[in-house]
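# Per-entry structural report
Here is what each chain is made of, one letter per residue.
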Amino acid sequence: MSKIPVYFMPGLAASPTIFENIKLPEDQFEMHFLEWFLPNDKESIESYALRMTDKIQDENPVLVGVSFGGILVQEIAKQMKVRKVIIISSVKSNSEFPPRLKIARATKAYKLLPTQLLSNVELLVKYAFGNNIVAKRLKLYEKYLSVRDKKYLDWAIENALIWSQKKANENVIHIHGDADEVFPIKHIQNCIVLKGGTHIMIVNKFKWLNENLPKLILNE
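The following paragraphs examine the structure supplied in this document. Source: prediction; values computed, not measured. (Residues numbered from 1 in each chain as written. Predicted model: local features only at pLDDT ≥ 70, side-chain atom pairs only at ≥ 80, totals over all residues. Heavy atoms only, no water.)

## Looking at the pairing of strand β3 (residues 62-66)
Strand residues, when the strand is regular, have side chains that alternate between the two faces of the sheet. Of all five residues in β3, five are buried; the element is thus mostly enclosed. Alternating residues of β3 divide into Val 62, Val 64 and Val 66 and Leu 63 and Gly 65, and every residue in both groups is buried. Pairing between strand β1 (residues 4-9) and β3: four bridges, direction parallel. When the sheet's bridge partners are listed, Met 9 is paired in β3 with Gly 65. Sheet topology note: the β3/strand β4 (residues 84-88) ladder contains five bridges and is parallel. Within β4, the residue paired with Val 66 across the bridge is Ile 88. After leaving β3, the chain enters helix α2 (residues 68-76) and then returns to the sheet as β4, a path that is right-handed. (Buried < 20%, exposed > 50% of the residue type's maximum accessible area, 1.4 Å probe, protein only. Helix = DSSP H or I, 4+ residues; strand = E, 2+ residues; numbered from the N terminus. Pairing = 2+ DSSP bridges. Right-handed = clockwise from strand over helix to strand, strands pointing away.)

Set out below in C-alpha cells:
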C-alpha cells in the first residue's frame, strides 16, 4: 500500500521547526513541510495559495495547517483535490474571529502596525500573545518565529484579518485548545477540543497529536 502524503503548513511567521516533535508512523505516512515565501505586491491569499500548490508534489494529499497556516491550507484545498484538511489552533471562517480582530479588520487598524519593528521577535510575540509572556516561552518563540521580512509580515497580518470566508467547510477537521489566547474557544464551533491547549499546542501537546492525527487521517 502506498504511503499517504501529509503536508504541514506552519503559522504566521513560523518555520517548519514547529513540527519537529510531530511523528507519524513511517510505514503509513510520508511527511512534507511547507514554508512561507515572499508574496507578490498586493497578492491575494487565493493567488498565494495557488502558488503554494507548486510546492505540493503529490496528488490527493492531506493538508495540516496551524493558525494562519490553517487558513492557507483551506485556500489551497480550493485550488486542488485533497484527501483531508486538518487545522490546528485556527479558524474555519471569519465569523470565528474574536471581537478585537473583527474591530481591527473593520477599522483597518492593522495598517498602523509598525511591522518593521515586528522583526524584533519580542515585539512580535507581545503583539500576538499579550505582555504576560514569560522568558521561557519567549525563548521558544525566538526559535520558531523565523520569518521576519516586513513585506511578508504586512501581507500575512492583513490577509489573515481580511480573510473573506464567511461559512465554514464542514469537511475541515478542526483541533483547538480550550486555552487558546489568539482565537478563544468561545468563538469556535464544531471542533475537537484539547483540554489545556494554548495557541502553541503544536509544540507542547505533540504527544496527543502524534497519537490522534493518524486516526483522524485514516478515519474515512
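## As for the sheet that holds strand β6 (residues 192-194)
By definition, the strands of a sheet pair up through backbone hydrogen bonds, in either a parallel or an antiparallel sense. Pairing is parallel across the open sheet formed by six strands, whose spatial order is β2-β1-β3-β4-β5-β6. Each having just a single partner strand, β2 (29-33) and β6 make up the two edges of the open sheet. Adjacent strand axes in the sheet meet at a mean angle of 20 degrees, parallel and antiparallel pairs treated alike. Looking at chain direction, β1 and β2 are connected through five bridges and run parallel. Each residue of the ladder has a partner; that of Tyr 7, found in β2, is His 32. Strand contacts of α2: β1, β3 and β4, with the helix running at about 150 degrees to β3, the strand carrying the most contacts. (Axes fitted to C-alpha atoms, helices over the stretch in contact; angles between N-to-C directions. Contact = heavy atoms within 4.5 Å.)

## Here's the deal with helix α1 (residues 45-52)
Of the positions making up α1, those classed as buried are Ile 45, Tyr 48, Ala 49 and Met 52. Buried residues in α1, looked at end-on, bunch into an arc of 100 degrees, giving them a common side. Those residues of α1 that are buried are in contact with β1, α2 and α6 (150-161). (Arc of directions from axis to C-beta.)

## What to know about the environment of Ala 179
Mapping Ala 179 onto the fold places it in the loop between β5 (173-177) and β6. Measuring from C-alpha to C-alpha, the distance between Ala 179 and Thr 198 comes to 4.7 Å, with 19 residues separating the pair along the chain.

## What to know about the packing of α1 against α2
Packed helices, taken two at a time, are described by their axes: the angle between them and the distance between them. With their axes 9 Å apart at the nearest point, α1 and α2 run at an angle of 75 degrees to one another. On the basis of their axis angle, the class for α1 and α2 is roughly perpendicular. Along its contact with α1, which presents Ile 45, Glu 46, Tyr 48, Ala 49 and Met 52, the element α2 presents Phe 68, Ile 71, Leu 72, Glu 75 and Ile 76. In terms of residue class, the contact of α1 with α2 is built from eight nonpolar, no polar and two charged. (Parallel < 35°, antiparallel > 145°, perpendicular 65-115°, else oblique. Nonpolar A, V, L, I, M, F, W, Y, C, P; charged D, E, K, R; others polar.)

## Considerations on the side chain of Gln 165
Following the sequence through the fold, Gln 165 ends up in the loop between α6 and β5. Polar side-chain contacts of Gln 165 include one of 2.8 Å to the backbone oxygen of Lys 92. The contact partners of Gln 165, leaving out residues within four places of it in the chain, are Gln 74, Glu 75, Lys 78, Lys 92, Ser 93 and Asn 94. (Polar contact = N/O pair within 3.5 Å; in protein donor to acceptor, adjacent residues only side chain to side chain.)

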